[in-house]
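Here's the letter readout for the chains.
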Amino acid sequence: MTLSSAPGKVYLFGEHAVVYGEPAVPCAIERRARVRVEARDDDHVRVRATDLSLDGFTVEYHGSTDERPDVDVDRSLVDAAMGYVDAAVDQARDAADAPDAGFDIVVESDIPLGAGLGSSAAVVVAGIDAATRELGHELPPEEVADRAFRAEYEVQDGQASRADTFCSAMGGAVRVEGDDCRAIDTPALPFVVGFDGGAGDTGELVAGVRRLKEEYDFAADTVESIGDIVRRGEELLTESDPSAQPSEELLTELGRLMDFDHGLLEALGVSSRSLDAMVWAARDAGAYGAKLTGAGGGGCIVALDPTPETRTALRFTPGCEDAFRAELAREGVRAEDADDGGGEEDAAIDGDVIDDGDGDGV
Ligand SMILES: Nc1ncnc2c1ncn2[C@@H]1O[C@H](COP(=O)(O)OP(=O)(O)OP(=O)(O)O)[C@@H](O)[C@H]1O
Ligand SMILES: C[C@@](O)(CCO)CC(=O)[O-]
Ligand SMILES: [Mg+2]
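Residues numbered from 1 in each chain as written. Chains lettered and ligands numbered in written order. Predicted model: local features only at pLDDT ≥ 70, side-chain atom pairs only at ≥ 80, totals over all residues. Heavy atoms only, no water.

As annotated in an unreviewed UniProt entry, the chain carries the name Mevalonate kinase and comes from Salinigranum rubrum. Listed in UniProt under the heading Pathway (unreviewed entry), the comment for the chain reads: "Isoprenoid biosynthesis; isopentenyl diphosphate biosynthesis via mevalonate pathway; isopentenyl diphosphate from (R)-mevalonate: step 1/3." Under the Catalytic activity (unreviewed entry) heading, UniProt states for the chain: "(R)-mevalonate + ATP = (R)-5-phosphomevalonate + ADP + H(+)". (UniProt positions renumbered as here; feature names shortened; annotations may be inferred.)

Encoded structure:
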């Protein structure tokens, strides 16, 4: 049995524009998805996703997910999650040259779903890492990142950049521009996250920006301006000392760029009333800057504030369900001790399997 974990992320800046080749700087945060994998002696795949909905779900299928089992929970939620897990399984089978490998899989995560913190990338990255290790193959994190990107790209119908998956696999702060992905050294930035309890659909939101960009030159210019913000931000980060506390000037200037970025994302139609309310609450509380993070539509904002003020203000903001400090996760995907809590998970795996009873698992 193998267990891997991978972190979620916030975007310092550059989401959406990164899909069209502009640079972006996501930063991994200490909120992780954990995927536990055990090889089976047949080619079935059984998935238990404990955090997908309040009750989680368990399904079993055979070979591929072309035929769907009948499961009594929100169907689109299950289909989407099966899509990510299935794509990760396919990548692991391909990497290990084991097309018929079967697995029992348990997914657990502290990353809220669809909220801009990269839960999909973390699940896919941890899933590929755990499943390949279970098949006796150790992939370098760069290859896990590349395969996880291919998985997300497929599931999101081509609406994905390499940013989330590279950041989750490598950890720390990264810079992604098209296929050019690299780690960057930054000081530990004082991120505060506000979460409205909601979610946005990444694929749909990206498609919406694409339509605007195709229809209006000024929307295309807006996307380019986001790229300019990132280039400016990168200069500041490169000039700063990564081992020192971030200076007042650095935080002030990064915050200003984050505010600008949020305004442009808002113009591209990917913010929401509750995201805007949290952004303003953070600014009013004295944060250096605040913006939505990830695909938007609902979910999370990220603010820069070393004091407790922003977090406290967010907690009293109508529409904000949770607010927390997000530490930079220096480590990306990593192997965890598979025995850690294994007894409980084994019991879960042996629990309520959903099968249609015709013996082929679908
Ligand atoms: N713990 C989990 N268990 C099973 N599936 C999950 C889990 N976490 C995420 N997923 C899958 O990922 C989907 C969310 O991905 P999506 O890309 O829309 O949002 P995100 O990655 O959280 O945010 P963003 O891409 O904006 O950073 C979920 O609907 C589900 O299909
Ligand atoms: C909106 C987007 O830029 C970030 C989602 O976290 C999409 C992507 O880069 O894949
Ligand atoms: Mg995602």
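(A) Just the site of ligand 1, in detail. Taken together, 24 residues surround ligand 1, and among them K9, G114, G118, S119 and T202 come closest. Measuring from an oxygen atom of ligand 1, one finds a backbone N or O atom of G118 at 2.9 Å. For ligand 1, an oxygen atom lies 2.9 Å from a polar atom in the side chain of S120. Out of a free accessible area of 630 Å², ligand 1 has 94% covered by protein chains. Looking at the shell around ligand 1, the elements with two or more residues in it are α1 (75–95), β5 (102–109) and α2 (119–134). By residue class, the composition of the shell around ligand 1 is 12 nonpolar, 10 polar and two charged. Counting contributing residues per domain, the shell around ligand 1 is built from domain 1 (2–182 + 333–349) and domain 2 (187–326), each supplying no fewer than three. (Near = heavy atom within 4 Å. Polar contact = N/O pair within 3.5 Å; in protein donor to acceptor, adjacent residues only side chain to side chain. Areas by Shrake-Rupley, 256 points an atom, 1.4 Å probe, with all protein chains shown as cover. Helix = DSSP H or I, 4+ residues; strand = E, 2+ residues; numbered from the N terminus. Nonpolar A, V, L, I, M, F, W, Y, C, P; charged D, E, K, R; others polar. Domains from an automatic or database assignment.)

(B) Up close: the UniProt feature "domain: GHMP kinase C-terminal" (unreviewed entry) in the chain. UniProt marks residues 251–311 with the feature "domain: GHMP kinase C-terminal" (unreviewed entry), using the numbering shown here. Within residues 251–311, the helical portion is 52% and the strand portion 15%, while the C-alpha atoms at the span's ends are 17 Å from each other.

(C) Spotlight on helix α6 (residues 217–239). Across its 23 residues, α6 extends 33 Å between first and last C-alpha, which sits within 8% of the 33 Å expected from 1.5 Å per residue. Those residues of α6 not exposed but buried are A219, T222, V223, I226, G227, I229, V230, G233, E234, L236 and L237. Contacts made by the buried residues of α6 are with β1 (2–13), β2 (25–40), β6 (173–177), β7 (180–184), α5 (202–215) and α7 (248–267). (Expected span 1.5 Å × (residues − 1). Buried < 20%, exposed > 50% of the residue type's maximum accessible area, 1.4 Å probe, protein only. Contact = heavy atoms within 4.5 Å.)

(D) Structural detail: the sheet that holds strand β10 (residues 300–304). The sheet built from four strands is open, its strands ordered β9-β10-β8-β11 with antiparallel pairing. What marks the edges here is a single partner per strand, and that holds for β9 (289–292) and β11 (322–326). Strand-to-strand twist across the sheet, computed as the mean angle between neighbouring axes with direction ignored, equals 20°. With five bridges connecting them, strand β8 (residues 191–195) and β11 associate as antiparallel partners. Bridge pairing in β11 places V192 opposite R325. Its contacts with the sheet put α7 on β9 and β10, and the angle it makes with β9 is roughly 30°. (Pairing = 2+ DSSP bridges. Axes fitted to C-alpha atoms, helices over the stretch in contact; angles between N-to-C directions.)

(E) Spatial organisation of the site of ligand 2. Near ligand 2, the surroundings consist of K9, Y11, E15, H16, V18, V19, A160, S161, D164, V206, G294 and A295. At 2.9 Å from an oxygen atom of ligand 2 is found a main-chain nitrogen or oxygen belonging to H16. Between ligand 2 and D164 there is a distance of 2.7 Å, counted from an oxygen atom to a side-chain nitrogen or oxygen. For ligand 2, the accessible surface in isolation is 300 Å², of which the surrounding protein chains cover 98%. Here the residues of the shell around ligand 2 sort into six nonpolar, three polar and three charged. Counting residues domain by domain, the shell around ligand 2 receives three or more from each of domain 1 (2–182 + 333–349) and domain 2 (187–326).

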